Amino acid sequence: MAQKDDKDRDTPPPLPEPLRVPVADSHTHLDMQAGTVEDALAKAASVGVTTVVQVGCDLAGSRWAAETAAAYDSVHATVALHPNEAPRIVLGDPDGWSRQGAREAGGDDALDAALDGIDALAALPHVRGVGETGLDHFRTGPDGMAAQQRSFRAHIEIAKRHGKALVIHDREAHDDVLRILREEGAPERVVFHCFSGDTAMAKICAEAGYFLSFAGNVTFKNAQPLRDALAVAPPELVLVETDAPFLTPAPYRGRPNAPYLIPLTLRAMAEVKGMTEDALASAVAANTARAFDY
């Protein structure tokens with residue numbers, strides 16, 4: 001029986017019924033998914049997901065995102081050092097938790113060099129955003145917080161200077177993320193990727209004009225606080241994403257996620273919003289284009 005379960009876990013979910021109004025996946029990691037970029041884009045387009053935002057998490061991944069966006073009209077890129085990448089650059093990663101394997105501590109100079117690389121990529125025309133950046137208190141202890149905050153502040157400055165959207169990863173760090181945005185002055189366009197706050201935070205973000213992007217976890221049984229936040233989020237600030245290969249929507253939780261599964265999340269979101277599928281898809285499509293200026 002266990003073997004069957006393991007096999008199921010690796011099996012991609014079936015194609016959902018196509019959307020009638022095309023939308024964008026506002027946050028995906030094609031470089032972490034099985035199969036080719038061509039196949040992923042074709043599968044997504046076949047169900048009405050005609051645009052994807054490919055998100056960089058480290059220097060190599062950000063270069064790949066920029067190159068992929070240059071090669072495909074339906075792909076836009078964002079570039080950044082993930083909040084968990086900054087402490088690994090500064091303090092090292094002896095356990096090799098990241099995709100690069102074990103790494104030596106490079107100190108602040110190494111972080112500055114990596115940020116210079118992100119800055120150069122952010123200037124490219126097919127790079128539409130700076131992210132995912134922000135704070136992650138879940139995975140980083142107090143020793144890594146200083147590197148995370150320094151990196152986050154630098155990314156805010158890069159986004160503002162290049163006029164790009166800022167894509168935020170906020171894990172168990174709501175107050176600090178909002179505080180640093182206030183202290184630095186937020187860019188014109190800010191996207192909270194995989195929004196994880198409550199209704200109070202959704203209202204704060206909406207007042208500031210920040211976009212709230214919802215992922216497949218909004219469909220999870222235990223995610224009522226997330227659905228409550230979505231319910232109060234203004235339709236003109238809502239985006240949809242996969243964060244694939246992670247956060248596969250119900251009923252396929254635990255199996256590989258990909259942009260073609262966006263319709264499942266969007267339909268669940270429409271129900272929460274009391275909107276028709278087409279009305280929410282139209283809003284999401286316009287919002288994503290506005291957020292990433294394409």
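Residues numbered from 1 in each chain as written. Predicted model: local features only at pLDDT ≥ 70, side-chain atom pairs only at ≥ 80, totals over all residues. Heavy atoms only, no water.

Here's the deal with the overall build of the protein
Test applied: Helix and strand definitions follow DSSP, with helices as H or I runs of at least four residues and strands as E runs of at least two, each counted in order from the N terminus. Only C-alpha atoms enter the radius of gyration, while the globule expectation follows 2.2 Å times N to the 0.38, with N the number of residues. The classification of residues rests on relative accessible area computed with a 1.4 Å probe and restricted to protein chains. Under 20% of the type maximum is buried, over 50% is exposed, and intermediate values are partly exposed.
In terms of helices and strands, the protein carries 11 helices and 8 strands. Over its C-alpha trace the protein gives a radius of gyration of 18 Å, about what one expects of a compact globule, namely 19 Å for 294 residues. For the C-alpha atoms alone, the extent of the protein along its principal axes is close to 50 × 50 × 35 Å. Per-residue burial for the protein yields a buried fraction of 53% across its 294 residues.

Some words on the packing of aromatic side chains
Defined as follows: The pairing test for Phe, Tyr and Trp rings, Trp by its six-membered ring, is centres within 6.5 Å, and the orientation test on the planes gives stacked under 30 degrees, edge-to-face over 60, and tilted for anything in between.
A full pass over the atoms with the stated rule returns 3 aromatic pairs. An angle of 55° between the planes, with centres 5.7 Å apart, marks the rings of F195 and F214 as tilted. Separated by 19 residues along the polypeptide, F195 in the loop between β6 (190-192) and α8 (199-208) and F214 in strand β7 (residues 211-214) bring together distant segments of the chain. Assessed through its relative accessible area of 2%, F195 is described here as buried. By relative accessible area, which is 1% here, F214 ends up buried.

Let's talk about the nonpolar core
For clarity, the threshold we go by: For the purposes of this section, nonpolar cores are sets of buried Ala, Val, Leu, Ile, Met, Phe, Trp, Tyr and Cys residues that join through side-chain atoms within 4.5 Å. Throughout, a contact is declared for two residues whenever any of their heavy atoms are within 4.5 Å.
Among the nonpolar cores identified, the biggest contains 69 residues, and F152, L166, L181, F192, F195 and F214 are the most heavily contacted of them. Looking at this core element by element, the count peaks at 6 residues for helix α5 (residues 107-122). Discounting chain neighbours no more than four positions away, the residues touching F195 are M201, A202, C205, L212, S213, F214, L226 and A229. Grouped together as the second largest cluster of nonpolar side chains are 10 residues, V53, A165, A291 and F292 included.

Description of the sheet that holds strand β8 (residues 238-240)
For clarity, the threshold we go by: Strands were regarded as paired on the criterion that DSSP finds at least two bridges between them. Every axis corresponds to a line fitted to the C-alpha atoms, with the helix fit spanning only the stretch in contact, and the corresponding angles, defined between N-to-C directions, vary from 0 to 180 degrees.
Pairing is parallel across the open sheet formed by 8 strands, whose spatial order is β1-β2-β3-β4-β5-β6-β7-β8. Looking at which strands have only one partner, the edges of the open sheet turn out to be β1 (23-28) and β8. The sheet shows a mean angle of 30° between the axes of neighbouring strands, taken without regard to direction. The pairing of strand β5 (residues 165-171) with β6 spans 3 bridges and is classified as parallel. Each residue of the ladder has a partner; that of I168, found in β6, is F192. Across the face of the sheet, helix α3 (residues 59-71) comes into contact with β2 (49-55), β3 (75-79) and β4 (127-136) while running at roughly 155° to β3.

Here's the deal with the environment of R255
Tracing the chain through its elements places R255 in the loop between β8 and α10 (262-273). Relative accessible area serves as the criterion here: at 22%, R255 is assigned to the partly exposed category. Here the alpha-carbon distance between R255 and N287, two residues 32 residues apart in the chain, equals 28 Å. Residues within four places of R255 in sequence aside, it is in contact with D8, R9, T11, P12, P13, P245 and T248.

So, the pairing of β4
Here β4 lies mainly inside the structure; 9 of its 10 residues are buried. Taken together, the 3 bridges between β3 and β4 define a ladder with parallel strand orientation. Residue pairing for β4: A77 is matched across the bridge by V127.

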